[in-house]
Protein chains: 2
Amino acid sequence: MKKIYLGLLGFGNVGSGVIKVLKTRGALLRKKLGCDLVLKKVFDKDLRSKREISLPREKLTSDINQVLNDPSIDIVIELIGGLHPAKEYVMQALNKGKYVVTANKALLAEQGKEIFDLAKQHGKTIYFEASVGAGIPIIKSLREGLAADRFRRIFGILNGTSNFILSAMSESQVDFSQALAQAQKNGFAERNASLDIRGIDSLHKLIILVYLCFGKLVNLNDVFVDGIEHISLLDIIYARELGYQIKLLAIAQKEGFELELRVHPTLIPQGHLLAQVRGINNAIYVSADLVGDLLFFGPGAGKVAAASAVVSDLQDAVLDLQSGLFRRKFTAIEDKSIKRLRSIDQTYCRYYIRFMVIDKPGVLAAISGVLAKFDISIASVTQKERKRSKAVPIVMIIHEVKEKNLRQALIKIESLKVIKESPVAIRIEQI
Amino acid sequence: MKKIYLGLLGFGNVGSGVIKVLKTRGALLRKKLGCDLVLKKVFDKDLRSKREISLPREKLTSDINQVLNDPSIDIVIELIGGLHPAKEYVMQALNKGKYVVTANKALLAEQGKEIFDLAKQHGKTIYFEASVGAGIPIIKSLREGLAADRFRRIFGILNGTSNFILSAMSESQVDFSQALAQAQKNGFAERNASLDIRGIDSLHKLIILVYLCFGKLVNLNDVFVDGIEHISLLDIIYARELGYQIKLLAIAQKEGFELELRVHPTLIPQGHLLAQVRGINNAIYVSADLVGDLLFFGPGAGKVAAASAVVSDLQDAVLDLQSGLFRRKFTAIEDKSIKRLRSIDQTYCRYYIRFMVIDKPGVLAAISGVLAKFDISIASVTQKERKRSKAVPIVMIIHEVKEKNLRQALIKIESLKVIKESPVAIRIEQI
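Residues numbered from 1 in each chain as written. Chains lettered and ligands numbered in written order. Predicted model: local features only at pLDDT ≥ 70, side-chain atom pairs only at ≥ 80, totals over all residues. Heavy atoms only, no water.

J.: Mind showing me how you'd approach the overall build of chain A here?
T.: If you tally the helices and strands in chain A, you get 14 helices and 17 strands. Over its C-alpha atoms chain A spans a radius of gyration of 24 Å, differing by no more than 12% from the 22 Å that the globule rule assigns to 431 residues. The buried share among the 431 residues of chain A stands at 61%. Considering only residue pairs separated by 6 or more positions, chain A has 73% of its internal contacts joining residues 24 or more positions apart. Carbon and sulfur atoms make up 49% of the accessible area of chain A, which totals about 17,300 Å². Across chain A, the 62 positively charged side chains and the 45 negatively charged ones have centroids separated by 3 Å. (Helix = DSSP H or I, 4+ residues; strand = E, 2+ residues; numbered from the N terminus. Rg over C-alpha atoms; globule rule 2.2 N^0.38 Å. Buried < 20%, exposed > 50% of the residue type's maximum accessible area, 1.4 Å probe, protein only. Contact = heavy atoms within 4.5 Å. Areas by Shrake-Rupley, 256 points an atom, 1.4 Å probe, with all protein chains shown as cover. Lys, Arg positive; Asp, Glu negative; His and termini not counted. Charge placed at Lys NZ, Arg CZ, Asp CG, Glu CD.)

J.: Looking at this structure, how should I read the pattern of salt bridges?
T.: When the charged atoms of two side chains with opposite charge come close together, those side chains can pair. Tallied over the full model, the rule gives 47 salt bridges over all chains. The salt bridge partner of R152(B) is D293(B), with a shortest N-O separation of 4.0 Å. With R152(B) in strand β7 (residues 151-157) and D293(B) in strand β12 (residues 292-299), the pair connects residues that are 141 residues apart, well separated along the chain. Taking relative accessible area as the criterion, R152(B) reaches 41% and is therefore assigned partly exposed. Judged by relative accessible area, D293(B) falls into the partly exposed class, the value being 36%. Overlapping salt bridges bring together K140(A), E144(A), D316(A), K140(B), E144(B) and D316(B) as one network. (Salt bridge = Lys/Arg side-chain N within 4 Å of Asp/Glu carboxyl O.)

J.: Would you mind showing me how to read helix α2 (residues 26-33) of chain A here?
T.: It helps to recall that an α-helix has 3.6 residues per turn; residues three or four apart then point in one direction. Residues and elements named next belong to chain A. Taken together, the buried positions of α2 are occupied by G26, L28, L29, K32 and L33. Along the axis of α2, the buried positions cluster into a sector of 160°, meaning they face one direction only. Contact partners of the buried residues in α2: α1 (13-24), β2 (36-43) and α12 (303-323). One or two positions beyond α2, positive phi appears at G34, with a value near 70°. (Arc of directions from axis to C-beta.)

J.: Which parts of the structure should I look at to understand the interface of chain A and chain B?
T.: Quoted interface sizes are often the accessible area lost when the parts come together. Across the contact, 48 residues belong to chain A and 48 residues belong to chain B. When chain A packs against chain B, the two sides together hide about 4,600 Å² of surface, and 59% of this comes from carbon and sulfur. Our count for the chain A to chain B interface comes out at 4 salt bridges. The shortest N-O distance in the salt bridge between K140(A) and E144(B) comes to 2.7 Å. The interface formed by chain A and chain B contains 18 residue pairs in polar contact (both at pLDDT 80 or more). Of all the elements in the fold, those that place two or more residues in the side of chain A that touches chain B are α2, α6 (138-145), β12 (292-299) and α12 of chain A. Among the elements that take part in the side of chain A that touches chain B, α12(A) stands out by supplying 10 residues, more than any other. For the side of chain A that touches chain B, the class distribution of residues is 23 nonpolar, 13 polar and 12 charged. (Buried area = accessible area lost by both parts, 1.4 Å probe. Polar contact = N/O pair within 3.5 Å; in protein donor to acceptor, adjacent residues only side chain to side chain. Nonpolar A, V, L, I, M, F, W, Y, C, P; charged D, E, K, R; others polar.)

J.: Where do I start with the confidence of the model for chain A in this structure?
T.: Caution applies to low-pLDDT regions: their predicted coordinates should not be interpreted in detail. Looking at chain A, the pLDDT average stands at 94 and 98% of residues meet or exceed 70. For this predicted complex, the interface confidence score (ipTM) comes to 0.95, while the overall pTM stands at 0.96. (pLDDT = per-residue confidence, 0-100.)

J.: Is there a simple way to explain the sheet that holds strand β5 (residues 99-102) of chain A in this structure?
T.: Neighbouring strands of a sheet are bound in pairs by backbone hydrogen bonds; such pairs are parallel or else antiparallel. All names here are of chain A. Spatially, 6 strands are ordered β3-β2-β1-β4-β5-β6 in an open sheet, and the strand pairing comes out parallel. Of all the strands in the sheet, just β3 (60-61) and β6 (126-127) have a single pairing partner and so form its edges. Pairing analysis gives 2 bridges linking β2 to β3, with the strands arranged parallel. The partner of F43 across the bridge, within β3, is T61. (Pairing = 2+ DSSP bridges.)

J.: Even after reading the chapter, I still don't get the domain arrangement of chain A, so can you show me in this structure?
T.: Residue and element names in this part refer to chain A. According to the domain assignment, chain A contains domain 1 (3-134 + 303-326), domain 2 (145-299) and domain 3 (345-428). Taking only C-alpha atoms into account, the centre of domain 1 sits 28 Å from that of domain 2. Contact with domain 1, which involves 13 residues of that partner, is made by 15 residues of domain 2. Both sides of the domain 1 and domain 2 interface together cover about 1,100 Å² of buried area, and 77% of this is carbon and sulfur. In terms of surface lost to domain 2, no three residues of domain 1 exceed K105, A109 and V132, which account for 44% of the buried area on that side. Linking domain 1 with domain 2 are 0 salt bridges, by the criterion used here. Taken together, domain 1 and domain 2 are joined by 1 residue pair in polar contact (both at pLDDT 80 or more). (Domains from an automatic or database assignment.)

J.: Would you explain the packing of aromatic side chains in this entry?
T.: Note on aromatic pairs: each is described by the distance of the centres and the angle between the planes. A full pass over the atoms with the stated rule returns 11 aromatic pairs over all chains. Measuring from ring centre to ring centre gives 5.9 Å for F296(A) and F296(B), while their planes differ by 80°; the resulting arrangement is edge-to-face. Placement of F296(A) in strand β12 and of F296(B) in strand β12 is noted, with the two residues assigned to different chains. Residue F296(A) is classed as buried on the basis of its relative accessible area, which comes to 1%. Ring geometry for F116(B) and F128(B): centres 5.7 Å apart, planes at 50°, overall tilted. Of this pair, F116(B) sits in helix α5 (residues 105-121) while F128(B) sits in the loop between β6 (126-127) and α6 (138-145), and the two are 12 residues apart along the sequence. These aromatic residues form a ring-pair network of at least three members: F116(A), F128(A) and Y211(A). The ring of Y5(A) is capped by K40(A), whose NZ or CZ atom sits 5.7 Å from the centre of that ring. (Phe/Tyr/Trp six-rings, centres within 6.5 Å; stacked < 30°, edge-to-face > 60°. Lys NZ or Arg CZ within 6 Å of the ring centre and 35° of its normal.)

J.: I'm lost on the nonpolar core in this one. Help?
T.: A general trend in soluble globular proteins is that nonpolar side chains are found buried together. Grouped together as the largest cluster of nonpolar side chains are 174 residues, with contacts concentrated most on I138(A), L142(A), V286(A), I138(B), L142(B) and V286(B). In contact with V286(B), other than residues within four places in its own chain, are I138(B), L142(B), L146(B), F151(B), R153(B), I154(B), G292(B), D293(B), L294(B) and F296(B). (Core = buried A, V, L, I, M, F, W, Y, C linked by side-chain atoms within 4.5 Å.)

J.: Which parts of the structure should I look at to understand the relation of the copies chain A and chain B?
T.: For the pair chain A and chain B, the relating rotation is 180°, the translation along its axis is 0.0 Å, and the fit reaches an RMSD of 0.0 Å. Expressed as an axis order, the relation between the two copies is that of a two-fold axis. If distances are taken from each C-alpha of chain A to the rotation axis, the shortest is found for F296(A), at 2.5 Å. Most of the interface of chain A is mirrored in chain B: 100% of its interface residues are interface residues there too. (Least-squares fit on C-alpha atoms with pLDDT ≥ 70 in both.)

Right under this line is the structure:
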């Protein structure tokens, strides 16, 4: 039986998962592919740390050239993560005529153009199912499943760590730092969870989805991002009293000839499917003109889940490789009706706002006076009972407002003497 | 540019959708596929009915041979539905060396073996994305996305019409026949909705999903099916009071070396994602050992949604066709750990049961006495207020019970003099 040789870069969590799946599912894959997948070399710069899975010494190397310069290796699986040296390795692999499978969302989101261009030059596709939603087959569905659709909107919960934290805060009534510690203890957050909780990981994934749906590789810095590190238990409780859950959403939507992109915490009505997404799960909504509104839901993290996606990419790579000259080459088709990105200032949203005020007459009048000046209309207002502290929370839901107006109003309100803390404003998405 | 010629069988709803998509998305598909899709002939035995979309007369034919015997036609799209003559046409098309795309779930579920075998003989794959979940890319996800996974369970809401009816009953408090009329008025149910409401359509789709997940083409008659035609508004209301929605579920799950398959109405806890699936939407849960639990959600009906799936199949067929000798051939891998189907008698479930009784002392004692004899344990019981009628409803939730025991107990109870109607028993799924 024909053998296809694999080189794996990065013997970490997902790498171990892939090795395990290749080992235990060899027979199944042989039947499906009609060939043997042989893991020839595993590269990692650290070969000393103990792993769950052991490999014969001759398969391991800390010399990248033993993978990249081995002409027998057909497919390189990049699971190092981060920009460098992952990028250099991927580019070299492509230049050596190898097929590349990667789970690296940061790399594709930030340096995708060069990589996709180089792959195209070599007549190849880059396979990256594991980069978004772990094992959820969202990349394949967008690339191949919705062949004739035009996309209106794609949004969802793209980061398992943040969703675990927000769920834990809501379910166990703990504050952010306790929930983060719990996530770390369970292996759902890295020691440095900064990319996750600041929304950057969600943004990377959003950029990849936008590339697939609209054919545009957007610059990271052009997108508004707000993370969950400032979400307080208080707001989660108040939101719930009002019938909402707080979730970190990544959103892309066409508005006329503009594309609106943003990542931020969002109040979602309890009854909505997205509000039910708990723990490390992800959920991605796709709104397309033929197929309608689809939702893809599943674990957004986990080494075996990600390994499932990597191996499905391997299957595609093998099929393409076997088709030789006739292999398919995926092309992201640009939606030319989109002329520019919409600036966050120009977006409209409903809002949940919490003011911490001194409890004395005239406070509400002062706040609502400023809001009125900026043409901001209040949908509901609740003054919460006084606690031991001197400040009293006033929680408002306001009707759809232009971002810019709200920002200006909040600055004005914050300068009022009766306001004790910076107001908290969280978007309420109409979904 | 290379041209690929298509023959379409069935100028109905979905057929019109496909024609429209091919017309309006020609440029997009050309870019994606690198070739022109040319609709050469459309066959329908009825060419007189008025359609939304018009075609040049020379493209239309009521002579099937003009499609099947035209050597220039590369791909045949079968959208006639039903077993005959759809089966004969598909077999002939394969024998003529053509690629076949079909949306025909009845055909694949009931006669799939012959068709898949013949396709295999000719070295071809059958494409049938539109057969389950309209435009939801569930077939592609199972066939290609979860390449290395082993499946534990797949279940969900597979019939849009039934779900529309149950949703309408629950939301508008109308009875079954009113809800059915509403579905028909909205074009969500055919004049003869029998296949939908009796659960047969769900069963067809379940058989296809089971084939993909477990590599077995199960005989229709070996599966327990119960439809929604006997679901009363009363039970929908009582279920809701208890915190449940009633949904028509199709379920496949591995239990040791048995495969348990069933289609029936089910009580689902309000908080569960499936309980939130309204209208014509479908939702499919997949539980696999690597990827974890996935949910696919989207419209389960609609001609344009189905057309989206057909065109995505066309894309795959074209790529395979262009790969010539190297085309991929999908193989459903049989799960050999499954030795037999579990008989419905041997399944275990929790139950919602409604008895209509004469309101007099000792009734509850009589019923619960019989239940106790069959070792059936009651989780909760509510006697509803007496209405104008003479019979009073007693609603019970009972703990997990062996189907056979429950059936026997219900027969015994029905024979009691105080019982005025056949008891209503609806499963409560642990999901």
